[in-house]
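Residue strings, one per chain:
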Amino acid sequence: MASKIGPALKPFLRAQQTSFSANGHGAFVPQARKLVFEFCDNWASSTNLRTYIHNRLEDLARQNPHVEFVVRRRSHREPVIRGFYINNRDKVIGLKGFEVNGIEQKVQILLDSSGAKIKPLKRDAVVSRTEAARGIWSGLHVEEPFRI
């Protein structure tokens, strides 16, 4: 009498050993995926951005190989930086009036940002779906009215 008992162990394939990227202990996934620098060749407000692109953009690209850097000419427009993130959101910062160091700080803000919406730190009071055990207090429902 032959019994059909399967193997005690399943085969363990190499493809099952891969880990999924996620932020947390031991792993960090940068949120920025693309930065687009947009400027005008003729306008004076784009002078500092053009200087930043010529002098510092190559070093920034080497420090952040996970980010795609795009330089785009926009005729007759103010200079801006657009940051695109892995959560399919984007942030735009205008650079009119910024010096080269200020532009570098704004670029770093976009690189460090997560792309998530800004959430207020002050929250509303707790709202409950059920009525309180004692009910809602009102000064009109007491025997003696409140006096100042």
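Keep in mind that what you see is a predicted model, and the values were worked out from it rather than measured.

1. Observations concerning the pattern of salt bridges
Then, in step 1: In this structure the tally under the stated criterion is six salt bridges.
Then, in step 2: We note a salt bridge from Arg56 to Glu104, for which the minimum N-O separation is 2.6 Å. A residue pair is termed long-range when its members are at least 10 positions apart, and Arg56 in helix 1 (residues 47-63) and Glu104 in helix 2 (residues 100-112) qualify at 48 residues.
Then, in step 3: What makes Arg56 partly exposed here is its relative accessible area of 28%.
Then, in step 4: Salt-bridge contacts for Arg62 lead to Glu58; the nearest nitrogen and oxygen are separated by 2.5 Å. Of the two residues, Arg62 and Glu58 are both situated in helix 1; the distance of four residues between them amounts to about one turn of the helix.
Then, in step 5: Judged by its relative accessible area of 61%, Arg62 falls in the exposed class.
Then, in step 6: Judged by its relative accessible area of 51%, Glu58 is exposed.
Then, in step 7: One continuous salt-bridge network, built from bridges that share partners, spans Glu38, Arg72, Arg74 and Arg82.

Definitions and cut-offs
Residues numbered from 1 in each chain as written. Predicted model: local features only at pLDDT ≥ 70, side-chain atom pairs only at ≥ 80, totals over all residues. Heavy atoms only, no water. Salt bridge = Lys/Arg side-chain N within 4 Å of Asp/Glu carboxyl O. Helix = DSSP H or I, 4+ residues; strand = E, 2+ residues; numbered from the N terminus. Buried < 20%, exposed > 50% of the residue type's maximum accessible area, 1.4 Å probe, protein only.

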